[in-house]
Structures are given as structure tokens and as C-alpha cells.
Amino acid sequence: MPSAIVTGATGILGREIVAALGKDSETWQTVHALSRSQKESYPPHVKHDFIDLTGDAKAMAKQLHGIEAEYVFFAAYLQKDSEQANWDVNGAMLKNFLDALEMTGATQKLKRVILTTGAKQYGVHLGPPKQPMEESDPWIEGPGRPPNFYYNQQRILADKAKHASWDWVVTYPNDVIGVAKGNFMNLGTSIGIYAAVSKELGGELVFPGSEAFYTSFDCFTYSRLHAQFNLWAAMEPRCSNQAFNVVNGDTESWQNMWPKMAKKFGCKVPANQFDLPLDKDAGSVMDLAPDPPMAETAAERGLQGKVAPGKVEQRIDLIKWSQRSDVKKAWQQLAAREGLEKDGLEKATWGFLGFVLGRNYDIVLSMSKARRLGWNGYIDTWDSLSGCFDELAMEKMLPRTGS
Ligand SMILES: NC(=O)c1ccc[n+]([C@@H]2O[C@H](COP(=O)([O-])OP(=O)(O)OC[C@H]3O[C@@H](n4cnc5c(N)ncnc54)[C@H](OP(=O)(O)O)[C@@H]3O)[C@@H](O)[C@H]2O)c1
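The rules behind these values
Residues numbered from 1 in each chain as written. Predicted model: local features only at pLDDT ≥ 70, side-chain atom pairs only at ≥ 80, totals over all residues. Heavy atoms only, no water. Helix = DSSP H or I, 4+ residues; strand = E, 2+ residues; numbered from the N terminus. Buried < 20%, exposed > 50% of the residue type's maximum accessible area, 1.4 Å probe, protein only. Areas by Shrake-Rupley, 256 points an atom, 1.4 Å probe, with all protein chains shown as cover. Lys, Arg positive; Asp, Glu negative; His and termini not counted. Charge placed at Lys NZ, Arg CZ, Asp CG, Glu CD. Pairing = 2+ DSSP bridges. Axes fitted to C-alpha atoms, helices over the stretch in contact; angles between N-to-C directions. Contact = heavy atoms within 4.5 Å. Core = buried A, V, L, I, M, F, W, Y, C linked by side-chain atoms within 4.5 Å. Phe/Tyr/Trp six-rings, centres within 6.5 Å; stacked < 30°, edge-to-face > 60°. 1 Å grid on protein atoms, 1.4 Å probe; cavity = no way out; pocket = protein on both sides within 12 Å on 5 of 7 lines; lining within 4 Å. Points joined across faces, edges and corners; volume = space filled by probe spheres on them. Nonpolar A, V, L, I, M, F, W, Y, C, P; charged D, E, K, R; others polar. Domains from an automatic or database assignment. Near = heavy atom within 4 Å. Polar contact = N/O pair within 3.5 Å; in protein donor to acceptor, adjacent residues only side chain to side chain. Right-handed = clockwise from strand over helix to strand, strands pointing away. Parallel < 35°, antiparallel > 145°, perpendicular 65-115°, else oblique. Left-handed = near helix turned anticlockwise from the far one by under 90°.

*Asks:* Would you take a moment to explain the overall build of the protein for this structure?
*Replies:* Within the protein, the secondary structure is distributed over 14 helices and 11 strands. With the C-alpha coordinates aligned to their principal axes, the bounding extent of the protein is approximately 65 × 55 × 35 Å. Going through the 403 residues of the protein one by one, you find that 56% of them count as buried. Surface exposure of the protein reaches about 17,400 Å², of which carbon and sulfur atoms provide 49%. Considering the protein, the positive charge centre built from 44 side chains and the negative charge centre built from 48 side chains are found 2 Å apart.

In C-alpha cells, the structure reads:
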């Protein structure tokens, strides 16, 4: 029976990988869940070990004494203030960890490393990409492009594997839906708090992002489905040294999900929500890269000169919204009445959610590559989001809502 090591065991994506391995004690003999904190208890075959991945390889090798496995799931992530710092720190965490496994001799047993990255692979944060995004699309790098730490991590992984007896798989999830205990940095918590406060303020649920994105398409990744994908890809020989998009398998839009959100939180979508007069300072507009990712291949697609840069247009800028006194008061009332975590409004990631909802272009990822190899995992995005709200309510991060 194989063993596994999971880094980032408490994170939104890593936590579900640990849970999936934890549920299957018939297949997985031992699971080492690694992070700097422990946030929950585990079944007997899952052992939590504390590690600081920002240490050097020697220090980590000491901490990893006696820890070995056939499969490593690397889902640790440390967010920094600049793309260069993300490149440096997240690259070093992966490299030093792999070096440490070499030092302890654990790599002798190792068969595969599965690294979690994301759809920033395609430069979705820089502007419109080519649609749909496929794993063979060119990397968005070179003069004028900001560093992308996923590229650094993937190169480190591939270089190490070249000189080793193990191989690798990389995943590209997008707009993750999931729950991480005590971690407010996720889409579900922020959008749930926005809807719950809207209910408290009278029940009108106005889409805060751009009208363009409301009617565009997006693909989401349920963290539990991503975990299942990790387990499948670890065992599938044809996934060797390959990267894969991992999204739910449907293509969604807010025009479809917003009315469902409104119903769940007991709100109403105003019929003319994009024509409602708003305070003149309520919104914000941000220009993205002058050369969007799509520009990389525009000429070969016959679209030279036709690709406009992207924008992030928030009709209601969520950072400003979260600082409004009526919003703060409504959250305090709601949190006190329902016994919720008081600092939820403060901790929720409004900048991130504002960016996600304000983009003015589609985000569609193809699942064809994995499907060709036999992957048939799927979940309806609204079902996963609705289930996520219910779980967040159980964690006292959101109020209880309807079905
Ligand atoms: N969340 C999303 O919406 C999303 C979307 C697409 C892609 N991704 C990508 O998915 C990957 C995983 O991100 P995530 O969102 O799951 O991250 P996350 O929820 O922020 O979790 C990060 C994990 O890394 C651990 N960690 C951080 N610093 C560490 C350190 N110095 N030593 C040891 N462990 C450390 C954290 O545990 P402790 O704090 O307990 O140490 C936690 O378990 C990243 O590459 C991210 O860019 C995320």
C-alpha cells in the first residue's frame, strides 16, 4: 500500500487532498500532512507534522526525519506582496523541500510529485487569454511580462525529475470553491458575506462586478474535485510529466448563478441592477496589461490588432464597500445574532473577489486533455458553491441559509 506526503495540509486545496487520502485507508497506508499549523484532527493513518518550508534544506531534512512516501502532493503556498517575491519564496519552498527529501534519502522511494498551481498559468490576471485555455498554450513570459511563480515552480520540478527516478504532474485549478478552517481567503466566504450583508441591508443583491463579466463565462474548481483529480493523476501512468487543467466540467456565468445566490440568501436581484444609480465613488476601474495574453498568438489566429486589453470594472468596489459604516454595522449585528466569527468582514479577501468579479472577459478552461486519458470527474458549479455556503455556515463563518 502506498504512502503520501501532503504539503499545505491546512490550505483550501491541500486540506481536501488530505481528507481524500484520509477517507481511503484501504489504499493509503500512511499519510503525512505537513504545515506550520494544525487545524483539525485526522484518522489514525494520517499523521500531522509541523514544518516551515521557508527554512533551508538542511533544517527541513531534520524535520523530515523518518518521513517518506511514494507520492508527494505539494499544495503549500505563501502569498507575498509582489510577483517577484512570490517567485522567490514559492520557488525556494518547493526546491528546498525536494532537496531535503534527497538529503534524507526519502526520494529513493518516491514515484511521483503532484504540484498544485493555477490558471494564472495562462495570465488570466493580465487580461483576456485565448479561449478556451489549453495546456499547450504558450507561457506568458519574456520582456514586459511580470514574473509568474508557477513557471519557476514547474521548471524546478521538471529539472529535478530529469535527474531522479520519480516523475511529476501539475494541476491548473481556477477560481477555487472550498472551505479552509479559519482561512477567510476564499471566494465562497467573501461572496457569502457580501450576500448575507446585502440581506441584512434590505435584501437587494446587486452584482458588484462588471456587467461584461456577469454575462461572460467562467470555470470554477471545487476543492474536493481537485483532490479527487490529484489522487487519480498520481496513479494514472499516462499523466507522467504532464500538466492538466482541473475545473468542474461545466461552464458557468453569474447571470445563471446570481439569481440562485439571491434565493439562497433570501434576497432579490434588482430588475435593472446595472442601471441603478450608485454613489459616484462607489465603483472603480483598473486597466490590465496593454498586451493581453491573447496577443501572444493573435497573429497566428488572424486576430492581429484585434485584441483589446482587459479591465477590472467594479460597479461596487468591494474594498470600499467593506469599509462602509452601514456595512460594518450590518455585519456586527448579523455576527452577534447568529454567533458568527466577528472579524469575518475584516478578514475576507475583498480585493481578490473584486478582481474576480470585475474582469471583463471570459475564463474558459478546456478539460479535454484529462478526459482523453480517462478522467471523468464532474460537479455542477452551483451545487458546489451552495454546498460550500452550507459548510461555511457550519464553521460559523456565514449565517445559515436556505437550500
Ligand atoms: N485559492 C484559490 O482560489 C486558488 C485558485 C487557483 C490556484 N490556486 C493555487 O493553489 C495553490 C495552493 O493555494 P491555496 O489557495 O490552497 O493556499 P492556502 O489556502 O493559502 O494554503 C496554503 C497552505 O500552505 C501552507 N504554508 C504556507 N506557508 C508555509 C510555510 N512557510 N511552511 C509550511 N507550510 C506553509 C499553509 O499552512 P500553514 O499556514 O498552517 O503553514 C496552508 O496549508 C497555490 O499555488 C495557489 O496559487 C489557488
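What follows continues from the structure just given.
*Asks:* Any chance you could explain the sheet that holds strand S1 (residues 3-7) here in plain terms?
*Replies:* Pairing is parallel in the open sheet, where 7 strands are placed in the order S3-S2-S1-S4-S5-S6-S9. For this open sheet the edge positions go to strand S3 (46-50) and strand S9 (242-246), each flanked by a neighbour on one side alone. This sheet shows a mean twist of 20 degrees between the axes of neighbouring strands, independent of strand direction. One ladder, built from 4 bridges, connects S1 with strand S4 (residues 71-74); its direction is parallel. Across the sheet, residue Ile5 finds its bridge partner in S4, namely Val72. Strands S1, strand S2 (30-35), S4 and strand S5 (112-116) of the sheet are contacted by helix H3 (residues 83-104), whose axis makes an angle of about 160 degrees with S4. Contacts between helix H7 (residues 223-235) and the sheet are confined to S4, S5, strand S6 (167-173) and S9, with S5 contributing the most and set at about 155 degrees to the helix.

*Asks:* I'm lost on the nonpolar core in this one. Help?
*Replies:* Burial of nonpolar side chains together is a common tendency in soluble globular proteins. Core analysis: the largest hydrophobic core is formed by 121 residues, its most contacted members being Phe73, Phe97, Trp254 and Met261. Phe97 has contacts with Ile5, Thr7, Leu34, Ile51, Leu53, Met60, Leu64, Val72, Phe74 and Ala92, leaving out every residue within four places of it along the chain.

*Asks:* What is the right way to look at helix H12 (residues 350-358) in this model?
*Replies:* Residues that lie three or four places apart on an α-helix share one face, since the helix turns once every 3.6 residues. Taking burial as the measure, the 9 residues of H12 include 7 buried ones, the bulk of the element. Restricting attention to buried positions, one finds in H12 the residues Trp350, Leu353, Gly354, Phe355, Val356, Leu357 and Gly358.

*Asks:* I would appreciate a short explanation of the packing of aromatic side chains in the present structure.
*Replies:* Summed over all chains, the structure comprises 23 aromatic pairs. Both rings, one in Phe207 and one in Trp254, keep their centres 6.4 Å apart while their planes meet at 40 degrees; by these two values the pair is tilted. Remark: Trp254 occurs in helix H8 (residues 254-264) and Phe207 occurs in the loop between helix H5 (187-200) and helix H6 (211-214); sequence separation between them is 47 residues. Across this residue pair, the class does not change: Phe207 and Trp254 are buried.

*Asks:* Looking at this structure, how should I read empty space enclosed by the protein?
*Replies:* A water-sized probe, rolled over the atoms, reveals where empty space remains. With the rule as written, the count across this model stands at 1 cavity of 30 Å³ or more. Of the pockets and cavities examined, the largest cavity occupies roughly 90 Å³. For the lining of the largest cavity, the residue count by class is 7 nonpolar, 1 polar and 4 charged. Taken domain by domain, the makeup of the lining of the largest cavity includes at least three residues from each of domain 1 (3-175 + 221-246) and domain 2 (178-219 + 250-363 + 379-394).

*Asks:* What am I meant to see in the site of the ligand here?
*Replies:* In the neighbourhood of the ligand, 27 residues make up the surrounding shell, with Thr10, Arg36, Ser37, Leu53 and Tyr150 lying closest. A distance of 2.9 Å separates a nitrogen atom of the ligand from a polar atom in the side chain of Asp52. In this structure, an oxygen atom belonging to the ligand sits 3.5 Å away from a main-chain N or O atom of Thr117. Considered on its own, the ligand offers 890 Å² of accessible surface; in the complex 88% of this is hidden by protein. Across the shell around the ligand, the residue classes break down as 15 nonpolar, 10 polar and 2 charged.

*Asks:* Can you help me understand the pairing of S2 in this one?
*Replies:* Moving residue by residue along a regular strand, the side chains alternate between the two faces of the sheet. Most of S2 sits out of view: 6 of its 6 residues are buried. Examined bridge by bridge, S1 and S2 share 5 bridges and lie parallel to one another. For Val6, the partnering residue across the bridge sits in S2 and is Ala33. With respect to chirality, the unit in which S1 leads through helix H1 (residues 14-23) into the neighbouring parallel S2 is right-handed. Where S2 and S3 come together, 5 bridges link them in parallel fashion. Looking at the pairing, His32 lines up with Lys47 of S3.

*Asks:* Just to check I follow, could you spell out the packing of H8 against helix H14 (residues 381-394) for this structure?
*Replies:* Axes are the key here: two packed helices are described by the angle between their axes and the distance separating the axes. As a packed pair, H8 and H14 sit with axes 11 Å apart at the nearest point and diverge in direction by 30 degrees. In terms of orientation, H8 and H14 fall into the roughly parallel class. As H8 packs across H14, the resulting crossing turns out to be right-handed. Residues Trp254, Met257, Lys260, Met261 and Lys264 of H8 lie in contact with H14, whose contacting residues are Thr381, Trp382, Leu385, Ser386, Phe389 and Asp390.

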